[in-house]
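An overview of the molecular structure
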Amino acid sequence: MTRKGLLIILSSPSGAGKSTLAKRLMAWDPTLKFSVSATTRAPRAGEQDGHDYFFRDRAAFEAMVAAGDMLEHAEVFGNLYGTPKSPVEAAMHEGRDTLFDIDWQGGQQIRNSSLGKDVVSIFILPPSIADLESRLRGRGQDTEEIIAGRMAKSQSEISHWAEYDYVLVNEDLDTAEDELKTILRAERMRRDRQPGLTDFIRNLNKEFDAR
Ligand code: ADP
Ligand code: 5GP
């Protein structure tokens, strides 16, 4: 009997390091499944359709929503972002944990859905706002206008920190990665996530009885 997969939600203000940490977790545990979101934003240099995002125009995105194919969706920085439902359901049935890089609105929708009890949510903070800005700039992917827009939204994103199960400060990447692994290891060991436990205890009791 396999356990049901977990839904591991990572949120943070843009530039705090979610994608970097998600990639490290995926490299550490190849059984993790990354939830590839759909978005109407334009691809950044190096981003591949179907790998980083499903890049769609507004009409195609809205058709997915209308068909009920999205687990959650939200407007972020003027673009639509959403999580396709079927890969998540498939992973849960296979007992694979899914990693989400989504904003607080998406986190809230999934937490409040019927899948809420399988969610582990983690909020990632930057060590300082100055660091956040220099990371956004250092990424070298966005125009000054986009960076300014993201910085302007970061305070309201951070205001949702208390809705998350865990909060970590991504100052040193290796430390933050270790903290994420610790969370994952512990969450996987929760009593209600070990489906073979009742049988195991029954067998221990049989051993007692046979003494
Ligand atoms: P997000 O996905 O949250 O928008 P990214 O993972 O793209 O953020 O990170 C933004 C930039 O900051 C990237 O250039 C990344 O390499 C860098 N970065 C991430 N974590 C750290 C860290 N702990 N220390 C220094 N730079 C970091
Ligand atoms: P970016 O454009 O930097 O890739 O992402 C911008 C923001 O959108 C980030 O906060 C990211 O977590 C969020 N985001 C990405 N995919 C989704 C999604 O499927 N749903 C929601 N609600 N937010 C998403």
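So, a few notes on the structure that sits alongside this text. Residue numbers restart at each chain and count upward from 1, following the sequence in its written direction. Chains and ligands are labelled sequentially in the order written, the chains with letters from A and the ligands with numbers from 1. Where totals are concerned, whole chains, interfaces and linings use all residues; where local detail is concerned, this predicted model gives features only for residues with pLDDT of at least 70, and gives and counts side-chain atom pairs only at 80 or more. No hydrogens and no water enter the side-chain calculation; it runs on all heavy atoms of the structure.

Regarding the sheet that holds strand β2 (residues 33-34)
This is how it is decided: DSSP calls a pair of strands paired once it identifies at least 2 bridges connecting them. Strands are runs of DSSP state E lasting at least two residues, helices are runs of H or I lasting at least four, and both sets are numbered from the N terminus onward.
Here five strands make up an open sheet; going across it, the order is β2-β7-β1-β8-β9 and the pairing parallel. A single partner strand is all that each edge strand has here, and the edge strands are β2 and β9 (166-169). As judged from the two bridges shared by β2 and strand β7 (residues 98-101), these two strands associate in the parallel manner. Within β7, the residue paired with lysine 33 across the bridge is threonine 98.

With respect to a nonpolar patch on the surface
Note the following rule: Patch definition: residues with relative accessible area over 30% and no salt bridge; like charges joined within 9 Å; nonpolar side chains (Val, Leu, Ile, Met, Phe, Trp, Tyr) joined within 5 Å. For the accessible areas, the method is Shrake-Rupley and the probe is 1.4 Å, while residue cover comes only from the protein chains on display. The salt bridge definition used is simple: a Lys or Arg side-chain nitrogen within 4 Å of an Asp or Glu carboxyl oxygen.
Residues Phe200, Ile201 and Leu204 make up a contiguous nonpolar surface patch of roughly 270 Å² in combined accessible area. The topology assignment puts phenylalanine 200 in helix α8 (residues 197-209).

Let's talk about the environment of arginine 135
Applied cut-off: Classification of residues uses two cut-offs on accessible area relative to the type maximum, computed with a 1.4 Å probe and protein chains only: under 20% is buried, over 50% is exposed, and between them is partly exposed. Any two residues whose heavy atoms approach within 4.5 Å are treated as being in contact.
Turning to its location among the elements, arginine 135 is positioned in helix α5 (residues 129-138). Of the residues examined, arginine 135 reaches a relative accessible area of 24% and is grouped as partly exposed. Taking C-alpha positions, arginine 135 is 36 Å from lysine 4, a pair spaced 131 residues apart along the chain. Ignoring sequence-local partners within four residues, the contact set of arginine 135 consists of Gly15, Ala16, Pro127, Asn170 and Glu171.

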